[in-house]
Amino acid sequence: QMGNIAVAAYSIVANLALVIIAIFTGIAQGMQPLASREYGAGNWKNSRLAYRWALSLAFLCAVLIYGGLSFFADPVAAIFNEEGNETLQRLAVSGLRLYFTAFFFIGFNIVTAAFFSAVEIPRPAFAMAISRGFLVILPCAFFMAMAFGVTGVWLSFPLAEALTALLGLIFFRRIFGGGSLGRQKEKKMLK
């Protein structure tokens with residue numbers, strides 16, 4: 001019986017997360033043509049500015065969403081718990097608070113991958129998408145569940161997003177932090 005209740009709690013949290021991920025996708029999709037246009041026109045500074053603004057907006061949304069859901073986790077979970085099942089309510093509330101810590105990383109991941117695509121650097125964008133969608137999440141879910149049970153399942157998603165964000169930061173530093181590709185991009189922009 002606990003298995004069914006845990007699955008129900010996970011479905012509440014995961015489905016709500018899908019709706020909220022759309023906000024970050026919208027920010028990235030709004031930034032991408034601006035960054036791409038400026039990059040294509042040789043305005044590297046404006047391209048990076050569009051990226052920075054998108055990251056700032058994504059972070060602000062993450063703070064507001066996490067703050068709101070942490071504070072209102074109980075009533076939000078109750079909306080999906082019409083029967084008033086106490087175990088489901090407890091698991092969903094805990095899940096909302098743990099699972100949604102991932103949104104501090106998701107915004108960065110989605111916006112950064114979109115920016116890489118916008119400035120003609122598709123490999124890191126692809127690597128980040130594969131990392132967060134498959135490559136990292138599966139081992140995280142497996143090992144975190146074994147180590148920490150239900151809490152580990154909730155935390156596997158934030159851990160996978162955090163590892164993907166680390167990967168994105170490494171790519172960004174290597175490409176734009178003075179690496180050879182960064183110098184090539186800068187030269188192209190200055191022509």
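Residues numbered from 1 in each chain as written. Predicted model: local features only at pLDDT ≥ 70, side-chain atom pairs only at ≥ 80, totals over all residues. Heavy atoms only, no water.

(A) Molecular detail of the overall build of the chain. Across its full length, the chain holds 8 helices and 0 strands. Along its sequence from the N terminus, the chain presents helices and strands in the succession α-α-α-α-α-α-α-α. Taking the principal axes of its C-alpha atoms as reference, the chain extends roughly 65 × 30 × 20 Å. Accessible area for the chain stands at about 10400 Å²; split by element, carbon and sulfur atoms hold 67% of it. (Helix = DSSP H or I, 4+ residues; strand = E, 2+ residues; numbered from the N terminus. Areas by Shrake-Rupley, 256 points an atom, 1.4 Å probe, with all protein chains shown as cover.)

(B) Broad picture of unusual backbone geometry. The phi torsion at E120 lies on the positive side, around 60°, for a residue other than glycine. Relative to the assigned elements, E120 resides in the loop between α5 (103–118) and α6 (122–135).

(C) Structural context of a nonpolar patch on the surface. A cluster of nonpolar side chains, namely F126, I130, F134, L135 and L138, defines an oily patch on the protein surface of about 530 Å² accessible area. Per element, the largest residue contribution to the nonpolar patch is 4 residues, and it comes from α6. By the element assignment, I130 lies in helix α6. (Patch = residues over 30% accessible without salt bridge, like charges linked within 9 Å, V, L, I, M, F, W, Y side chains within 5 Å. Salt bridge = Lys/Arg side-chain N within 4 Å of Asp/Glu carboxyl O.)

(D) Focus on the nonpolar core. Within the largest apolar cluster, 59 residues are counted, with the highest numbers of intra-cluster contacts made by F24, F100, F103, F115 and F176. Among the elements of the structure, α1 (2–40), α2 (44–71), α3 (73–79), α4 (86–99), α5, α6 and α7 (137–176) are those that each provide at least two residues to this core. Top contributing element to this core by residue count: α1, with 15 residues. Setting aside residues no more than four positions away along its own chain, F100 makes contact with V13, L16, A17, I20, I65, Y66, L69 and G95. (Core = buried A, V, L, I, M, F, W, Y, C linked by side-chain atoms within 4.5 Å. Buried < 20%, exposed > 50% of the residue type's maximum accessible area, 1.4 Å probe, protein only. Contact = heavy atoms within 4.5 Å.)

(E) Here's a closer look at the packing of aromatic side chains. Going through the model one piece at a time under the given rule, you end up with 21 aromatic pairs. For the pair Y10 and W154, a centre-to-centre distance of 5.7 Å together with 20° between the ring planes defines the contact as stacked. Separated by 144 residues along the polypeptide, Y10 in helix α1 and W154 in helix α7 bring together distant segments of the chain. Cluster of aromatic residues (ring-pair linked, three or more members): Y10, F24, Y99, F100, F103, W154 and F157. (Phe/Tyr/Trp six-rings, centres within 6.5 Å; stacked < 30°, edge-to-face > 60°.)

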